[in-house]
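Architecture at a glance
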Amino acid sequence: MKEEVKINITEKESQRQLRFIEHLRDYYTEKSEELQRPLTCHIATFGCQMNARDSEKILGTLEQIGFKEVDTEEADFVIYNTCTVRENANLKVYGRLGHLSQLKKKNPHMLIALCGCMMQEDAVVDKIKKSYRFVDIIFGTHNIFKLAELIQARLDSKDMIIDIWKDATEIVEDLPSERKYKFKAGVNIMFGCNNFCTYCIVPYVRGRERSRNPEDIIKEIKDLVADGVVEIMLLGQNVNSYGKNLEEPMTFAGLLREIEKIDGLERVRFMTSHPKDLSDDLIDAMKDSKKICTHLHLPVQSGSSRILKIMNRHYTKEQYLNLVDRIKNAIPNISLTTDIIVGFPGETEEDFLETLDVIRKVRYESAFTFVYSKRTGTPAANMEEQVDDEVVKDRFNRLLKEVKIISSELTGRETGTVQKVLVEGINEQDSELVTGRLSNNLLVHFKGSTELIGRIVNVKLVECKGFYYIGEMVEAQ
Ligand code: SAH
Ligand code: SF4
Ligand code: F3S
């Protein structure tokens, strides 16, 4: 019963937003005729895949209103979809806003909007209200679907419009969305995070964990496949806990098995897996699947059980290594990648050596390495013993060196074999070549032309050049 009400609300809401879109379309068509030029928009996306997917929804709405996307910030509607996971993500946004104010002086029709994770922080919104008065619209991560309504409100009021929700109660389905690639797409399976790792701000800015109904996910994927998509990336902060809060609980492995059945879908990826929730059933589902790619991103964050405990990660070094063993035994050609933080408060040289030990034992294909960044409002920000900058820098460099050595030893291991490659585009440096992606996520460059884009072809991996291969197409699939 509760579920029914929820669906009604969301359908009603999306209909309501479509009416705002139509109204704005009329307004902007007139404006465009008046100015005798198309009206343009530009979206700058910071942060992770979640934001990238949100930006597709933002672009979908803007295009329906009548804006044409351009590559420059000299546009009629400019929006920054922001990230706040680390301090430098924040600083980038402030840096670029100064430049935007100059552009706005030249174009009186220009609207500037800010959205995304940074906007969920009160201190950020206060700062913008005070020092960046030229911003027109501010909204957060929970009400992206309201964009058209907020633009309308701005046109009606002439004042800065601020609409931030502390959390989301509903998932609004079926709003327009404009995909970046014709042949691959990100699909949200859940929103938010309940894990509260002590360094991380994401649970505060993305709210509590909410899973989408499996039927909605499957329908979205079927529609994407009908529209030419062959590869999907399932998105969530912790996909392994998918389905726990559904009316009829379902596991992530169960969802993957349903997705596997979709005809025409060739490849399935997912991000991000939390080690604490990765089940043997999921390993089995991956092993049995013909579509799930041979790549698993499994953030370890630290190799020290002591630090992992303070980070609130809910696994020890030994449990993580044991999990990796089980995965490798079941799927020997799996390519593992990870995220690592150095300089978490209280991290000692011994703790750091444990991290290096994990890297040597697991042998990651690649790793995203981060210097710990203090995020106001998180428990770690109040921990004493923040590690000295110089020490962190030294550890970071040592870590990077180790990661590079291992990844260069690993990447070449498939040289000489023939692999399936999804062609993504023309090579940026050499237009005679195309660039494609292997199941394990590595890139391959080989001779080919535009008609191959979006197709899966067999390619012989002739030479490994460190992080990518040079190949030769053997035959089209
Ligand atoms: N939900 C994902 C990660 C999302 S954030 C997961 O749990 O794996 C992406 C990465 O940013 C994290 O894995 C972590 O390595 C890093 N990160 C998050 N907060 C950070 C902070 N305060 N300082 C440095 N790195 C951080
Ligand atoms: Fe952040 Fe941890 Fe949630 Fe990932 S699982 S988003 S690191 S709190
Ligand atoms: Fe950044 Fe928000 Fe993603 S803080 S990493 S954009 S969830």
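A brief report on the enclosed structure follows. Not measured: the values here are computed from a predicted model. (Residues numbered from 1 in each chain as written. Chains lettered and ligands numbered in written order. Predicted model: local features only at pLDDT ≥ 70, side-chain atom pairs only at ≥ 80, totals over all residues. Heavy atoms only, no water.)

Right, let's get into the environment of leucine 265. Among the secondary structure elements, leucine 265 is positioned in the loop between α8 (252-260) and β11 (267-271). Distance from leucine 265 to valine 205, taken between C-alpha atoms, is 33 Å for residues 60 residues apart in sequence. Excluding its chain neighbours within four sequence positions, the residues that come into contact with leucine 265 are Ile221, Val225, Val230, Glu231, Ile232, Ile259 and Lys291. (Helix = DSSP H or I, 4+ residues; strand = E, 2+ residues; numbered from the N terminus. Contact = heavy atoms within 4.5 Å.)

Attention now moves to the site of ligand 3. In the vicinity of ligand 3, the contacting residues are Gly47, Cys48, Asn51, Cys83, Thr84, Val85, Cys117, Arg206 and Gln237. The residue makeup of the shell around ligand 3, split by class, is 4 nonpolar, 4 polar and 1 charged. (Near = heavy atom within 4 Å. Nonpolar A, V, L, I, M, F, W, Y, C, P; charged D, E, K, R; others polar.)

Glancing now at helix α5 (residues 147-157). The buried count for α5 comes to 8 of 11 residues, which makes it a mostly enclosed element. All buried positions along α5 are accounted for by Leu147, Ala148, Glu149, Leu150, Ile151, Gln152, Arg154 and Leu155. Within two residues after α5, lysine 158 carries a phi angle of roughly 65 degrees, on the positive side. (Buried < 20%, exposed > 50% of the residue type's maximum accessible area, 1.4 Å probe, protein only.)

Before going further, it helps to examine the pairing of strand β16 (residues 433-438). β16 sits mainly inside the fold: 6 of its 6 residues count as buried. Neither face of β16 is exposed, since Leu433, Thr435 and Arg437 on one face and Val434, Gly436 and Leu438 on the opposite face are all buried. With 5 bridges connecting them, strand β15 (residues 418-426) and β16 associate as antiparallel partners. When the bridges of β16 are listed, glycine 425 appears paired with threonine 435. (Pairing = 2+ DSSP bridges.)

The next thing to look at is a negative patch on the surface. On the surface, Glu22, Asp26, Glu30 and Glu33 cluster together into a patch of negative charge. On the secondary structure map, glutamate 22 appears in helix α1 (residues 2-35). (Patch = residues over 30% accessible without salt bridge, like charges linked within 9 Å, V, L, I, M, F, W, Y side chains within 5 Å. Areas by Shrake-Rupley, 256 points an atom, 1.4 Å probe, with all protein chains shown as cover. Salt bridge = Lys/Arg side-chain N within 4 Å of Asp/Glu carboxyl O. Lys, Arg positive; Asp, Glu negative; His and termini not counted. Charge placed at Lys NZ, Arg CZ, Asp CG, Glu CD.)

Around ligand 1 there are 15 residues in total, and Arg86, Gln237, Gln301, Asp339 and Ser373 lie nearest to it. Glutamine 301 is positioned such that a nitrogen or oxygen atom in its side chain is 2.7 Å from an oxygen atom of ligand 1. Against a free-state accessible area of 540 Å², the protein chains account for coverage of 90% of ligand 1. For the shell around ligand 1, the per-class residue count stands at 7 nonpolar, 4 polar and 4 charged. (Polar contact = N/O pair within 3.5 Å; in protein donor to acceptor, adjacent residues only side chain to side chain.)

As a further point, take the pattern of salt bridges. This structure, assessed with the given rule, holds 41 salt bridges. Put simply, aspartate 136 and arginine 154 hold a salt bridge, and the shortest N to O gap is 2.7 Å. With a gap of 18 residues between them, aspartate 136 in the loop between α4 (122-131) and β5 (137-139) and arginine 154 in helix α5 connect regions that are remote in the sequence. Here arginine 269 ties to glutamate 231 by a salt bridge, and the two come within 2.9 Å at their closest N and O atoms. Within this pair, whereas arginine 269 is found in strand β11, its partner glutamate 231 is found in strand β10 (residues 231-235), the two being separated by 38 residues in sequence.

The next subject is the pairing of strand β17 (residues 443-447). In this sheet, β17 lies alongside β16 in antiparallel orientation, the contact comprising 5 bridges. Each residue of the ladder has a partner; that of arginine 437, found in β17, is leucine 443. As consecutive antiparallel partners, β16 and β17 are separated by 4 residues, and within that stretch asparagine 441 has a phi angle of approximately 85 degrees, a positive value.

On inspection of all chains with the given rule, the structure shows 0 disulfides. Here cysteine 115 is not disulfide-linked; the sulfur of cysteine 117 is the nearest cysteine sulfur, at 9.1 Å. Classification of cysteine 115 by relative accessible area gives buried; the value is 0%. (Disulfide = S-S within 2.5 Å.)

In this structure, arginine 398 sits in helix α13 (residues 389-411). Filtering out sequence-adjacent residues up to four positions away, arginine 398 remains in contact with Glu349, Phe352, Leu353 and Leu356.

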